[in-house]
Amino acid sequence: MTVPLIGISTYLESGARWGVWELDAALLPAGYPRLVQRAGGLAAMLPPDAPDRAARTVARLDGLVIAGGPDVDPARYGAERDPRTGPPAPARDAWELALIEAALEAGTPVLGICRGMQLLNVALGGTLVQHLAGHAEVVGVFGGHPVKPVPGSLYAGIVPEELTVPTYHHQAVDRLGAGLVPSAHAADGTVEAVELPADRGWVLGVQWHPEMGEDLRVMRALVAAAG
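None of these values were measured; they are calculated from a predicted model. (Residues numbered from 1 in each chain as written. Predicted model: local features only at pLDDT ≥ 70, side-chain atom pairs only at ≥ 80, totals over all residues. Heavy atoms only, no water.)

## Some points on the packing of aromatic side chains
At step 1: By the definition in use, this model includes two aromatic pairs.
At step 2: An angle of 65 degrees between the planes, with centres 5.4 Å apart, marks the rings of Y155 and W208 as edge-to-face. You can see Y155 sitting in helix 5 (residues 154-158) and its partner W208 sitting in the loop between strand 13 (203-206) and helix 6 (217-226), a full 53 residues away along the chain. When sorted by exposure, Y155 lands in the same class as W208, which is buried.
At step 3: Across from the ring centre of Y11, 4.7 Å away, lies the NZ or CZ of R92, which sits over that ring. (Phe/Tyr/Trp six-rings, centres within 6.5 Å; stacked < 30°, edge-to-face > 60°. Helix = DSSP H or I, 4+ residues; strand = E, 2+ residues; numbered from the N terminus. Buried < 20%, exposed > 50% of the residue type's maximum accessible area, 1.4 Å probe, protein only. Lys NZ or Arg CZ within 6 Å of the ring centre and 35° of its normal.)

## Describing the sheet that holds strand 13
At step 1: As summarised here, the arrangement of the nine strands in space is 4-1-5-6-13-12-11-8-9, forming an open sheet in which the pairing is mixed. Of all strands in the sheet, those bounded by a partner on one side alone are strand 4 (42-46) and strand 9 (163-167). Averaged over neighbouring strand pairs, the angle between their axes works out to 25 degrees when direction is ignored.
At step 2: Where strand 11 (residues 181-186) lies against strand 12 (residues 191-195), four bridges are found, and the strand directions are antiparallel. (Pairing = 2+ DSSP bridges. Axes fitted to C-alpha atoms, helices over the stretch in contact; angles between N-to-C directions.)

## Let's talk about the environment of Y155
At step 1: With relative accessibility at 0%, the residue Y155 sits in the buried group.
At step 2: A C-alpha to C-alpha distance of 29 Å links Y155 and G86, two positions 69 residues apart in sequence.
At step 3: If near-sequence neighbours (up to four positions away) are discounted, Y155 is found in contact with V147, P149, L163, S183, A184, E195, L204, W208 and V218. (Contact = heavy atoms within 4.5 Å.)

## Remarks on the pattern of salt bridges
At step 1: Under the definition given, this model contains 10 salt bridges.
At step 2: D82 is the salt-bridge partner of R84, the closest N and O atoms lying 3.1 Å from each other.
At step 3: Between E96 and R115 there is a salt bridge; the shortest N-O distance is 2.8 Å. With E96 in helix 3 (residues 90-106) and R115 in helix 4 (residues 115-123), this pair connects stretches of sequence that are 19 residues apart.
At step 4: Look at E96 and you get buried, because its relative accessible area is 0%.
At step 5: Residue R115 is classed as buried on the basis of its relative accessible area, which comes to 1%.
At step 6: Here the salt bridges do not stand alone but share partners, grouping R92, D93, E96 and R115 into one network. (Salt bridge = Lys/Arg side-chain N within 4 Å of Asp/Glu carboxyl O.)

## Some thoughts on the pairing of strand 2 (residues 11-18)
At step 1: Pairing analysis gives six bridges linking strand 2 to strand 3 (residues 21-27), with the strands arranged antiparallel. Bridging from a neighbouring strand, R17 pairs with E22 of strand 3.
At step 2: Hairpin remark: strand 2 followed by strand 3, antiparallel, with two residues in the connecting loop; positive phi at G19, about 55 degrees.

## A closer look at the nonpolar core
At step 1: Counting residues in hydrophobic clusters, the biggest one holds 30 residues, and the most contacted among them are V65, L111, Y155, L204 and M219.
At step 2: Counting residues per element, the ones that place at least two in this core are strand 1 (5-9), helix 1 (31-38), strand 6 (110-113), helix 5, strand 13 and helix 6.
At step 3: Per element, the largest residue contribution to this core is six residues, and it comes from helix 6.
At step 4: Setting aside its immediate chain neighbours within four residues, L111 contacts L64, V65, I66, W202, L204, V206, V218, M219 and L222. (Core = buried A, V, L, I, M, F, W, Y, C linked by side-chain atoms within 4.5 Å.)

## Re unusual backbone geometry
Glycine aside, negative phi is the norm for most residues, and most peptide bonds take the trans geometry.
At step 1: Phi angles above zero are rare outside glycine, and C114 is one such case at about 55 degrees.
At step 2: Here C114 shows up in the loop between strand 6 and helix 4.

## Focus on the packing of helix 3 against helix 4
At step 1: Running from N to C, helix 3 and helix 4 cross one another at 70 degrees; their axes reach a closest spacing of 10 Å. As summarised for this structure, helix 3 and helix 4 are arranged roughly perpendicular, according to the angle between their axes. Considering only the axes of helix 3 and helix 4, their crossing is right-handed. Of helix 4, the residues touching helix 3 (which contributes R92, D93, E96, L97 and I100) are R115, L119, L120 and A123.
At step 2: Of the residues that constitute the contact of helix 3 with helix 4, the class distribution is five nonpolar, no polar and four charged. (Parallel < 35°, antiparallel > 145°, perpendicular 65-115°, else oblique. Left-handed = near helix turned anticlockwise from the far one by under 90°. Nonpolar A, V, L, I, M, F, W, Y, C, P; charged D, E, K, R; others polar.)

Written out as structure tokens, the structure is:
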């Protein structure tokens, strides 16, 4: 049996430190590849690259994960920058938007995680709430809150019950991108998952961080779709 190859987008950081080294680094929290591996896939890191190479990259993958990370540049969705929005990551924005576009064009299964869900929404013409209280209560510490699936959605077919999930974000979906529908909500009404209809392929975004928890179902569903 061929094991699906799942590409995961990464950070590109200057001055990362490990051992005796302080160098520019393409990096990714280990929870992401571990989650792919535990779900039965092969994990491949995709550091920022020239956007015109995205289609050739996606062509070699069976599935794509757009990982969490910095705030999306508000210019990408035509908004003025809120003072509470973090610094831009232009190379990562451009690369990941190109990956998403290529994956949607090719019909490659896509999972967006936190920033990845937000960027999926932006890629399809949606907008973001630039600051949302209560979803990242302590800086640098993951919290948790329950999310409730929308009956009949792709997500509800994967996780049918209300579930407390690991969360850390201060932005959220505002206007939905073209074709996207909400598939889970937090108790305060925040959209916690989005997806495209089944005839558009397997495309799901979750606002939380499954790589920080023990529930493998979302990643297993991506790996199964990729296989």
